[in-house]
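# What the coordinates show
For reference, the chains in residue letters:
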Amino acid sequence: ALVSDCPAARDAAHRGLALDHSMATVPDASLALAWCGEAASAQKEAERLASENPTNTMANEVFLPEVKAAIAVSQHHPDQVSGLLSSVSPYVLVSKAPQLLGRADLDLNQPQQAVEDLSAGLRYRGVGLQEGNTGTPQSPDYALCLLETARAQARFDKAAAGKSYQQLLDLWKN
């Protein structure tokens, strides 16, 4: 969903939710649904997870606000994203907040703010909630933040954008 392959993301989310409604599945599935325009399903799943785990900080302070922010972005309300993500700020290094804020900033035509907001996702290459049971050696969030940073920089600093795109190409080569 974060790379705009919504048909595949929606299919994977629905298949996952058909099998499991736990903390292992719901956050990514509901976020994918939110990014891809299925706001009602996404919010329902995230709210159910949060209500079933009232003392779980990640469910209530990170995952649910991220889903609400993704819904705001997909429904063309980028001005709401920052407020929706206020509870996520202490956990920004293990969240999708940098991508959500960066995307909202770009939608608001604030590319310099986007670069600043995306910088948290670039701070530590391997930090982030790992995908899947075994995790990955590098969080995909880093590459996505780098791509969005380059896109934002291209609006005001072509040289910096070129360097960011080159970093991304070097990352893909390895």
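Not measured: the values here are computed from a predicted model. (Residues numbered from 1 in each chain as written. Predicted model: local features only at pLDDT ≥ 70, side-chain atom pairs only at ≥ 80, totals over all residues. Heavy atoms only, no water.)

## Focus on the packing of helix α6 (residues 97–107) against helix α7 (residues 111–122)
Running from N to C, α6 and α7 point in directions that differ by 175 degrees, and their axes come no closer than 8 Å. When the axes of α6 and α7 are compared, the pair comes out roughly antiparallel. Residue-level contacts link Pro98, Gln99, Leu101, Gly102, Asp105 and Leu106 of α6 to Pro111, Gln113, Ala114, Asp117, Leu118, Ala120 and Gly121 of α7. Split into classes, the residues belonging to the contact of α6 with α7 amount to 7 nonpolar, 4 polar and 2 charged. (Axes fitted to C-alpha atoms, helices over the stretch in contact; angles between N-to-C directions. Helix = DSSP H or I, 4+ residues; strand = E, 2+ residues; numbered from the N terminus. Parallel < 35°, antiparallel > 145°, perpendicular 65-115°, else oblique. Contact = heavy atoms within 4.5 Å. Nonpolar A, V, L, I, M, F, W, Y, C, P; charged D, E, K, R; others polar.)

## Notes on helix α2 (residues 26–35)
Extensive coverage of α2 is indicated by the burial of 9 of its 10 residues. Taken together, the buried positions of α2 are occupied by Val26, Pro27, Ala29, Ser30, Leu31, Ala32, Leu33, Ala34 and Trp35. Elements in contact with the buried residues of α2: α1 (6–19), α3 (39–52), α4 (57–74) and α6. (Buried < 20%, exposed > 50% of the residue type's maximum accessible area, 1.4 Å probe, protein only.)

Structural measurements only, silent on function.
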